[in-house]
Structure formats: C-alpha cells, structure tokens
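# Summary of the model geometry
Take a look at the letters that make up each chain.
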Amino acid sequence: MIQGYYPAGIKGVDADYVAVLAGNPNTGKSTVFNALTGLNQHTGNWPGKTVAHARGYYRHRGKTVIIVDLPGTYSLSANSPEEEVARDFICFGQPDVTVVIADATCLERNLNLVLQVLEITPKAVVCLNLMDEAEKKGLRLDAERLADELGIPVVPTAAHTGRGIKQLKDRIHAVALNEILPRPKPVTYGKELEAAVQQLEASLQSIYVDGISRRWLALRLLEGDPSVVEAIRQYNLAEGRQGGPCGSEYSADYRPGRRTGAGAEKAIRGRA
Amino acid sequence: MTAGRSLADLPVGAASIVMELRAVGSTRRRLLDLGFVPDTAVEAVRRSPMGDPTAYQIRGAVIALRKEDADAVLVRPI
Ligand SMILES: Nc1nc2c(ncn2[C@@H]2O[C@H](COP(=O)(O)OP(=O)(O)OP(=O)(O)O)[C@@H](O)[C@H]2O)c(=O)[nH]1
Ligand SMILES: [Mg+2]
C-alpha cells in the first residue's frame, strides 16, 4: 500500500486502509491509539529520525485498518523534528484518513492544527477527546455544530474509558471508504495573498505529484518554507520519480518577492 | 497606536493581553502556532532559575518561551 520513505505498513498485516492520529501534545493521542488497537501494536523510530512512533491495527466492519500514532505538535510548520514527521506523514504518507485528536477542555487552541490539516487533506475526522474533563469544568460543546462549521465529522470521546471509540471507528471507516465526503471550508487569506496563491497554483499544475494539495503547497512556498521542497524531493526519490518540483515553469512563471518564496526558489534551483 | 510592553517584562503571576507580534517569518508563524495571537490572555507562571526561559499559561496550555521570543510579543494590560 504505502512504501518507501514514509512507511505505514506492518509486516504480515494486509491493510484495507491507513488512518493517522495527529494532535497537540497531551490530548490523549496514545490513549486513543490504545483504545483503537488494543494490543496489536508495533513501536519504532521514523527512518533517519530520532522521533519515536507507534503503529497498530484493528478490524472494524470487515476491514483491517492500520493506525499510525504521530508525535504531538501544535502545528505542521516543520519547526521541529516532531512537526516535520507529522507534516511529512500527513502529506506524503497519503493516509486514507487523518484523525486530529483535539482537547475538548481547550478546543480553540486545538483548532489551529485542525485547520492546518484541512489545508492538506479533506479526508479528516476530529476526535473531541477529554469530553469528561470538559464536562467536569462545566463546558458544553456542540459537536454537531462544530462538524457543520468545519465541514468534517466530529466525534466526542473520553478515550481512557472507551467512550466514543466505536463511533470514531465508524467515522474513520466512512471517510476512508468515501461514504462520507468531507467538504471543509477553505481558510482564505485576503485579496493580495489569494491572487498570489492562484498564480502559483497554476504554475504548479504541471509539476506536482498527485495527492498533494497545490493550494497548500503554494501557501508554503509563499511562506518561504524550503523544508517542504526538500521533503518533496525525498518523496520523489523514494518513489523512484526522476522529476521533482524543479520545472523551469516554476521560476519562469512566478518571481517571488524579496522575502516570500525566495528560500524555496533557491532550494528548487539548487537541485542537482 | 498604543505602545505595548514586552511579554518578557511581565512579572511571574501577572497576566496581560497579547497586542501584536514584532516578529516576521518563521518566528512569527511559530508564535502564532503556539497560541500567541492578538487579543489572547497570557499569564507568566514560572521563570527558570537562570531567568530564561519563562513558562506562560495561554489558551489552556503552558508554553515556555526564550527571552528573545518573549521580547517579540507586545502585550497590554487587561
Ligand atoms: N480524563 C481523561 N483523561 C484522558 C483522556 N484521554 C487521555 N487521558 C489521559 O491524558 C494523559 C495523556 O494522554 P496521552 O494519550 O499520553 O496523550 P498524548 O496525546 O499521546 O501525549 P503526547 O504523545 O505526549 O503528545 C494520560 O494521563 C491519559 O490517561 C480522556 O478522554 N479523559
Ligand atoms: Mg503520545
């Protein structure tokens, strides 16, 4: 299923689909992971990184599902090895579903990561964990309304007691098998930026690998994030592709300003 | 335009409101990702014995910032 640079497979497990768990630190990802997989777990390190990760599997509604537990991160900006692993797996591991575990006691903080994930992929589910703690604090959360506003399924859980885990499996199943087609509302960044994004997206059209959102890529390039270019190069190498994000079109069609994108362009040009 | 104080000068135990970020590029992005968004309440909860870094309670989490990053966060009184 998924090989190469971002392995998700488990030896001897013939998976129907792969779901990945992302989330802020300490939101209960590993507890959800344990509740989903029971004892069917494997731990190890990411190739070439000191970041530990766990993989496991379960069966639900006749399907075998591989689950990957990512390190806790506040964002996918690749500021740390943990963030980089999380971003690279969500982007290039091409999981069938990305589950964002959010802390119901401080939801607002957690939505930053949710929105970042939704820029990469619409195939996502929010797991609103620590619901018991939120209730103890007297907080009332309207999961349906949140699902409406985000455009993706939201499942309330209290993972340490198993509450909501079956519903979570149902939602993961439905999104993985396209029984539900999430339609997240894109975050917009104002006229000026949107014009630049559009222009970049058009130039990226003929260059980019399948499954990676061109809008997301355009935004990262405008942010001047060279690590994303490096990640794509690695991905293409691992997949045995000759080409990379190095089309002459990129530099011809779009001339980055002084700061934005300059680093990325340099990285692209610097490619052997 | 109000002149803000730097978050780094906030005494432990005191609270304030984030007003603006005097940072660009990846530092700005990182501060925003950590929750240092304008109009957010922030409290200094602990300072390391060496005086740096300081732990801040913000948006339901405790986040440690080095002085040079906290300097870039302008705050106003609540
Ligand atoms: N009350 C309550 N506690 C929970 C719930 N889910 C997890 N916990 C507890 O929260 C703590 C952190 O859980 P973890 O599963 O380690 O969190 P994590 O997101 O994997 O943490 P990192 O990997 O360090 O980011 C543990 O003590 C769990 O027992 C929940 O729904 N309710
Ligand atoms: Mg964990």
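Here the structure is a predicted model, which means the values were calculated and not measured. (Residues numbered from 1 in each chain as written. Chains lettered and ligands numbered in written order. Predicted model: local features only at pLDDT ≥ 70, side-chain atom pairs only at ≥ 80, totals over all residues. Heavy atoms only, no water.)

## Notes on the overall build of chain B
Per the secondary structure count, chain B includes 2 helices and 6 strands. Secondary structure elements in chain B, listed N-terminal to C-terminal, are β-β-α-β-β-β-α-β. Taking 12 Å as the expected radius of gyration for a compact globule of 78 residues, we find that chain B reaches 11 Å, a close match to that expectation. With the C-alpha coordinates aligned to their principal axes, the bounding extent of chain B is approximately 35 × 25 × 20 Å. Residues counted as buried form 40% of the 78 residues belonging to chain B. The long-range share in chain B, meaning contacts at least 24 apart out of those at least 6 apart in sequence, stands at 58%. In the form shown here, chain B has an accessible surface area of approximately 4,200 Å², with 54% of it arising from carbon and sulfur atoms. (Helix = DSSP H or I, 4+ residues; strand = E, 2+ residues; numbered from the N terminus. Rg over C-alpha atoms; globule rule 2.2 N^0.38 Å. Buried < 20%, exposed > 50% of the residue type's maximum accessible area, 1.4 Å probe, protein only. Contact = heavy atoms within 4.5 Å. Areas by Shrake-Rupley, 256 points an atom, 1.4 Å probe, with all protein chains shown as cover.)

## Considerations on the site of ligand 1
Residues and elements named next belong to chain A. Around ligand 1, the structure places 15 residues, and the nearest of them are N26, K29, S30, T31 and D132. Between N26 and ligand 1, the recorded distance is 2.9 Å, taken from a backbone N or O atom to an oxygen atom. Residue D132 places a side-chain N or O atom 2.8 Å away from a nitrogen atom belonging to ligand 1. Coverage of ligand 1 by the protein chains reaches 66% of its 650 Å² of free accessible surface. (Near = heavy atom within 4 Å. Polar contact = N/O pair within 3.5 Å; in protein donor to acceptor, adjacent residues only side chain to side chain.)

## Side note on unusual backbone geometry
Of the consecutive residues D52 of chain B and P53 of chain B, the connecting peptide bond is found in the cis state with omega at 0 degrees. Assignment of secondary structure puts P53 of chain B in the loop between β3 (41–47) and β4 (54–58). The phi torsion at R61 of chain A lies on the positive side, around 50 degrees, for a residue other than glycine. When you line up the elements, R61 of chain A lands in the loop between β3 (52–60) and β4 (63–69). Unusually for a residue other than glycine, L130 of chain A sits at a positive phi of about 65 degrees. In this structure, L130 of chain A sits in the loop between β6 (124–129) and α4 (131–136). Since its relative accessible area comes to 23%, L130 of chain A is described here as partly exposed.

## Things to note about the sheet that holds β4 of chain B
Residues and elements named next belong to chain B. Reading across the sheet, the 6 strands line up as β1-β6-β2-β3-β4-β5 and stay open at both edges, with antiparallel pairing between neighbours. Where the open sheet ends on each side, the last strands, each with one partner, are β1 (5–6) and β5 (61–65). Bridging between β4 and β5 involves 5 bridges; their strand directions are antiparallel. Looking at the pairing, A55 lines up with A64 of β5. (Pairing = 2+ DSSP bridges.)

## A short note on helix α3 (residues 107–120) of chain A
Given a rise of 1.5 Å per residue, 14 residues ought to cover 20 Å, and the 20 Å separating the end C-alpha atoms of α3 of chain A matches this to within 8%. Counting buried positions along α3 of chain A gives 10 out of 14 residues, so the element sits mostly inside the fold. (Expected span 1.5 Å × (residues − 1).)

## A few points about the side chain of T157 of chain A
Residue and element names in this part refer to chain A. Along the polypeptide, T157 turns up in the loop between β7 (154–156) and α6 (165–176). T157 sits in the buried class, given a relative accessible area of 0%. What T157 contacts, discounting residues up to four positions off in sequence, is C127, L128, N129, L130, M131, R163, G164 and I165.

## Here we look at the domain arrangement of chain A
Residue and element names in this part refer to chain A. If you check the domain split of chain A, you get domain 1 (17–176) and domain 2 (191–269). Each partner contributes residues to the interface: domain 1 has 9 residues there, and domain 2 has 13 residues. Carbon and sulfur atoms supply 57% of the area that domain 1 and domain 2 bury against each other, a total of about 930 Å² over both sides. Linking domain 1 to domain 2 there are 1 salt bridge. (Domains from an automatic or database assignment. Buried area = accessible area lost by both parts, 1.4 Å probe. Salt bridge = Lys/Arg side-chain N within 4 Å of Asp/Glu carboxyl O.)

## Examining the confidence of the model for chain B
On average, chain B scores 93 in pLDDT, and the residues at 70 or more come to 96%. Reported confidence for the predicted complex is 0.87 by ipTM and 0.85 by pTM. (pLDDT = per-residue confidence, 0-100.)

## Structural notes on the interface of chain A and chain B
Taken together, the contact between chain A and chain B spans 11 residues of the former and 13 residues of the latter. Across the chain A/chain B interface, buried area totals approximately 980 Å², and carbon plus sulfur atoms make up 42% of it. Linking chain A with chain B are 2 salt bridges. The salt bridge partner of R59 of chain B is E108 of chain A, with a shortest N-O separation of 3.3 Å. The greatest single-element share of the side of chain A that touches chain B, amounting to 4 residues, is contributed by α3 of chain A.

## Things to note about the packing of helix α7 (residues 191–204) of chain A against helix α8 (residues 214–223) of chain A
Residue and element names in this part refer to chain A. Here α7 crosses α8 at 115 degrees, and the two axes come no closer than 9 Å. For the crossing formed where α7 meets α8, the hand is right-handed. In this structure, α7 contributes L193, E194, A196, V197, L200, E201 and L204 to the contact, and α8 contributes R214, R215, L217, A218, L219, L221 and L222. The residue makeup of the contact of α7 with α8, split by class, is 10 nonpolar, no polar and 4 charged. (Axes fitted to C-alpha atoms, helices over the stretch in contact; angles between N-to-C directions. Left-handed = near helix turned anticlockwise from the far one by under 90°. Nonpolar A, V, L, I, M, F, W, Y, C, P; charged D, E, K, R; others polar.)

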